[in-house]
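Results of the structural survey
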Amino acid sequence: MSRLLCGSHGNVVCATNNDGLNMESAKRSLTGLTNKPEGRVLVLYTGGTIGMMRNEQGVLVPIANAFVKNLRKYPQLYDREYAEKKFGAMGPLVLPVTATDNRRVVYNVLEYTNLCDSSNMTMDEWIRIANDIKESYEHFDGFVVLHGTDTLSYTASALSFMLEALGKIVILTGSQVPIFDTRSDGLDNFLASLVIAANYNIPEVCVFFGTNLMRGNRTSKASATSFEAFYSPNFSPLATANIKIEVDYRSIFRSCILEKFYVHASLNRNVGLLRLFPSITSELVKVFLQPPIEGVVLQTYGAGNVPTNREDIIAELRAATKRGVVIVNITQCATGCVSDAYEAGKLLYKNGVIPGFDMTPEAALTKLAYVLSKHEWDTETKRQMMQTNLRGELTAGRPPTMQDWDLVEAVARSLRLSSAAELQELGSILFPAMLNAAVIRRDIVKLESLQGYGADISQANADGRTALHIACCEGDIKVVRRLLKMGANVHIKDRFDRTPLTDAIEYDRHEIIKVLLQCGAHLHGDAVQIGERMCDAATAGNTKRLQSYLMAGADLSQKDVSGRTPLHFAALHNHTDAVKFLLDHGADPHCIDMLGQTATELAKAARASDAIRLLTSSGQNGVVKNAHAS
Ligand code: ASN
C-alpha cells in the first residue's frame, strides 16, 4: 500500500468515482438539504478480509476498484433513490435512513492503492492513515478505517497517539469473512461503524467489532475465527450496538487541552517486544537490547515478575537502562496490571525498568514509538510520559473519584426508579438540564461538581445542544474556557446542525470565537449557505456579524444563490461601514452576480451615493486591501 487511488490529498474523497472527486465539490455535495441532517463519514479502505473477493482459484484477494461498485449493489449500504436524486450516480454513498438515528449517513470511500493484508502494514501506513485523516478532517464528522484484523489493534493504538487533540471519532473495523460473502460479520461491523461515526461524538480512536465499540488502544485480537475477534481486556466498551446503541459517556476520554487537532507524523522504529520465558538466555536478552534499540516492552510474568535468581538477565536490563534504553514492564497475562507487590517485580524498578501498568502489548509498543520520537522531550520526560495516561491507554493508581450517581440516585429514589436502564436514562435527561442551568448561572463550581457526579460535559439535551452551545450564546468567556478545559467538544452539532461556533458567530462573541478556533473549531456545511448568512448581515449593515464570520475563517467574497456577495448587498443598501469593512478585508468589488452586475452597478441603480464613492475610489486605486481578521 503506497499511493492513494485518487492521487494527492487535494482531491481524495470519492473512490466511487475512480477519477477522483474534487474535495470542494464533495464538500458542496455533502450539505444537509433534507429534513434529517446528514452525518458525513470518510471511509479509508486500506485492505483486509472485509473487502476481499475470491479470484478464479477461489483464493481471497483484495481487488482494486471493486469495493465501492459492489457497495452500490446493496440496498442496506446504498439508498440509490436518495443518493442519485441528491448527488447523482457517481456521488457519495448514502445509507438508508432509520427511525432511530438522528442523522442520515452520507459516506465517501477513499480506496488505497495496494490494498493490503494487514500483516503487511508498517509504520509508514500508520502515518499515511493519520495524514489522510488530517487532510479531510474539517469536511467530515467521523472516520471509518477498514483494515485487516491481524494488525488492526497496532494501527488503532498507534493512531490514538499520533492524532493529537482529536475532536472527532475514528473507528477501525474489519471482518473475519468478506463483506460480500453470503454470511459475513463485515456487513454488521461496517454498518454499525458508519452509523456510530455519523451520529456520536466520541472523540477517540475506537475499534468496532461484533457488538462492541472499544477504545482502540485497549484492544487486542483475541480470536482468529470468532466473529467477536477483538477484546478490550482491561477497559469496558465505550458503547454497545444491540437493538439500541448505548454509549457509556462517562468512560469517554476527552482531551482537556485547549489545542487544535494535529498529527504527530513521526515514529521511532527502534523499539521491540521481548517476552520472557523460563530459561531464556542472557545472550538473547543482551542481543535484543543492543543498539540501535531505544525502547523495549518487556512482557513479564503475572503481576510483572522476573526470576529473582537470574542476576545475568537483570544485569543486561540494568546496563541497557543505564545506556538510556527505555524498558517498560507489562504483564504476559491477558488481563490485569503490573505492580511492585512482589520482590520479583520490585527488582525491575530498582534497575531502571518502568511500569507499563495495564497497557496491552500493542499500546505499550506503539506508545514507545510515539514517545521516543518526541524530540522536544528529554529522556526523563519520555520515561514519565510512558507512565502517564495520555489517551486512556492505561489505568495507573486509583481511578479518579466519582460521586457515583449520588445526585441522580437521590432523584431516582424519590421517583422509585430501580433498574440500571432507568437510572441511565434519568441521568441523560437530568445532567444536560443541570449543566445548562449551571452555564446560565455562570457557576463554574457547579459545573465541576456535576462532572464529579458523573455528567458527561458534552452530553446533549433533546435538541442535541450541549453546555458549550449554551455558553457560546450566553457569552461568558470564563465559562467557555472552563468547559473546554473540562473536555467539552467543539464539533458537536445540534438538531439544527449548529455547532458552538455557529452560536458564537450569531451572538457576535468575538473572544469566544477565538478560543473555539484555538481548539480546532471550524465552519462547516455549505459555503453558499454561509454566503447567504453573510449577505443577510450585509443587508442589515451588521458589520460586527461580518467581522464574526471573518474571524471564523469565512470568505467575505462568498456568493449567495443569486451570485451576489455581501459587498453587493452592503452597496445596494448604502451601508457604508459594511462596504468599507468588506473592502478593507479583501472583498472583491469586481465580482458579478447572475445578472452580470457588480456591487458598484447595484449601488448606482439604487442611487447609494456614499457606497458608490467608496467603491469607485477603491476601484480607481485598483487596490483592494488584503487585510486579515485580527
Ligand atoms: N489476514 C487478514 C488481514 O489482517 C485477516 C482479516 O482481515 N480478517 O488483513
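Summary of the structure given here. Counting restarts for each chain: residues are numbered from 1 in the order of the written sequence. For a predicted model such as this one, the threshold for reporting local features is a pLDDT of at least 70, and the threshold for listing and counting side-chain atom pairs is 80 or more; totals across whole chains, interfaces and linings nevertheless cover every residue. Side-chain calculation: all heavy atoms of the structure are included, whereas hydrogens and water are not.

Describing the side chain of Arg72
Starting at the N terminus, helices and strands are each numbered in turn, a helix being any DSSP run of H or I of at least four residues and a strand any DSSP run of E of at least two. Within the secondary structure, Arg72 is located in the loop between α2 (67–71) and α3 (80–87). The side chain of Arg72 is buried and forms no salt bridge, while Glu84, the nearest opposite charge, is found at 6.2 Å. Polar contact is the term for a pair of N or O atoms within 3.5 Å; when the atoms are in protein, one must be able to donate a hydrogen and the other to accept it, and sequence-neighboring residues count only if both atoms are side-chain atoms. Polar contacts involving the side chain of Arg72 include one to the side chain of Tyr78, which spans 2.9 Å. Categorising residues by exposure relies on relative accessible area from a 1.4 Å probe, with only protein chains included: less than 20% of the type maximum marks a residue as buried, more than 50% marks it as exposed, and the intermediate range marks it as partly exposed. When charges are counted, neither His nor the chain ends are considered; positive counts come from Lys and Arg and negative counts from Asp and Glu. The salt bridge criterion pairs a side-chain nitrogen of Lys or Arg with a carboxyl oxygen of Asp or Glu, the two atoms within 4 Å.

Thoughts on the packing of helix α10 (residues 361–371) against helix α11 (residues 379–386)
Interaxial distance between α10 and α11 falls to 10 Å at its minimum, and their mutual angle equals 155°. For the element pair α10 / α11, the angle class is roughly antiparallel. Two packed elements cross with a definite hand, and for α10 against α11 that hand is right-handed. Mapping the contact onto sequence places Ala364, Lys367, Leu368 and Val371 in α10 and Lys382, Met385 and Met386 in α11. All amino acids are sorted into three groups, where Ala, Val, Leu, Ile, Met, Phe, Trp, Tyr, Cys and Pro are nonpolar, Asp, Glu, Lys and Arg are charged, and the leftover types, Gly among them, are polar. Its residues placed into classes, the contact of α10 with α11 shows 5 nonpolar, no polar and 2 charged. Interaxial angles span 0 to 180 degrees and are taken between N-to-C directions of axes, which are lines fitted to C-alpha atoms, for helices over the stretch in contact. For classification purposes, angles smaller than 35 degrees are called roughly parallel, those larger than 145 roughly antiparallel, those between 65 and 115 roughly perpendicular, and all remaining angles oblique. Rotating anticlockwise by less than a right angle from the far helix to the near helix defines a left-handed crossing, while the corresponding clockwise rotation defines a right-handed one. The contact criterion used throughout is that any non-hydrogen atoms of two residues lie within 4.5 Å.

A short note on the site of the ligand
If a single non-hydrogen atom of a residue is within 4 Å of a molecule or strand, that residue counts as near it. For the ligand, the full set of nearby residues is Gly48, Thr49, Asp117, Ser118, Gly148, Thr149, Asp150, Ser175 and Gln176. Between an oxygen atom of the ligand and a side-chain N or O atom of Thr49, the distance comes to 3.0 Å. Between the ligand and Thr149, the relevant distance is 2.8 Å, taken from a nitrogen atom to a side-chain nitrogen or oxygen of the residue. The residue inventory of the shell around the ligand, partitioned by class, reads no nonpolar, 7 polar and 2 charged.

Overview of the environment of Asp248
Within the secondary structure, Asp248 sits in the loop between β14 (245–247) and β15 (262–263). Its relative accessible area of 31% is what places Asp248 among the partly exposed residues. A sequence separation of 176 residues divides Asp248 from Gln424, and the C-alpha atoms of the two residues are 9.2 Å apart. Excluding anything up to four places from it in sequence, Asp248 contacts Pro237 and Leu238.

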